[in-house]
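The lines below spell out each chain.
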Amino acid sequence: MYYSPYSNTVHIGADANWAAAFEFNSHQQAKVPATIVYKYAPCGLPHTPYELEQLYKYYANEHVPQHDRVVAYMLISELLLFTQRLDDNLHDCTMQDLKNPI
């Protein structure tokens, strides 16, 4: 996982490696991958319950390419890990709606 301070976006997997290397070398914002996953969650991690719901549906869709399903799963899992480490009083609406996808 890579968090881009230039774009406020979380990148996962191979996209994370590419974005980190690009930003380190160029000191410019890496482009957000042009995949459907980032259409549903433009900043990587879902910020709204709607974005979370869309990622769930995308992850559960068996017709979606395996790589994209894995990326969606990893983003949901990262948010779950953050949520579990925070006090319940600090959870936003998206964290409150989060269900364990496993």
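Our subject is the structure listed above.
All figures in this text were calculated on a predicted structure; none of them were measured in a lab. (Residues numbered from 1 in each chain as written. Predicted model: local features only at pLDDT ≥ 70, side-chain atom pairs only at ≥ 80, totals over all residues. Heavy atoms only, no water.)

A.B. asks: Explain the overall build of the chain residue by residue, including any values.
C.D. replies: A count of helical and extended segments in the chain gives 5 helices and 2 strands. Going from the N terminus to the C terminus, the chain shows its helices and strands as β-β-α-α-α-α-α. Over its C-alpha atoms the chain spans a radius of gyration of 14 Å, differing by no more than 12% from the 13 Å that the globule rule assigns to 102 residues. Each of the three principal axes of the chain carries a C-alpha extent, and together these read 40 × 35 × 20 Å. Counting the 102 residues in the chain, one finds 40% classified as buried. Sequence separation of 24 or more characterises 39% of the internal contacts of the chain that already satisfy a separation of 6 or more. Total accessible area computed for the chain in this model is approximately 6,400 Å², and 56% of it derives from carbon and sulfur atoms. (Helix = DSSP H or I, 4+ residues; strand = E, 2+ residues; numbered from the N terminus. Rg over C-alpha atoms; globule rule 2.2 N^0.38 Å. Buried < 20%, exposed > 50% of the residue type's maximum accessible area, 1.4 Å probe, protein only. Contact = heavy atoms within 4.5 Å. Areas by Shrake-Rupley, 256 points an atom, 1.4 Å probe, with all protein chains shown as cover.)

A.B. asks: Which residues make up unusual backbone geometry, and what values do they have?
C.D. replies: Phi is positive for Asn 8, which is not a glycine, with a value near 55 degrees. Residue placement: Asn 8 occurs in the loop between β1 (2-4) and β2 (9-11). On the basis of relative accessible area, Asn 8 is assigned to the partly exposed category, the value being 42%. Positive phi outside glycine occurs at His 27, with the angle close to 55 degrees. Structurally, His 27 can be placed in the loop between α1 (13-26) and α2 (36-40).

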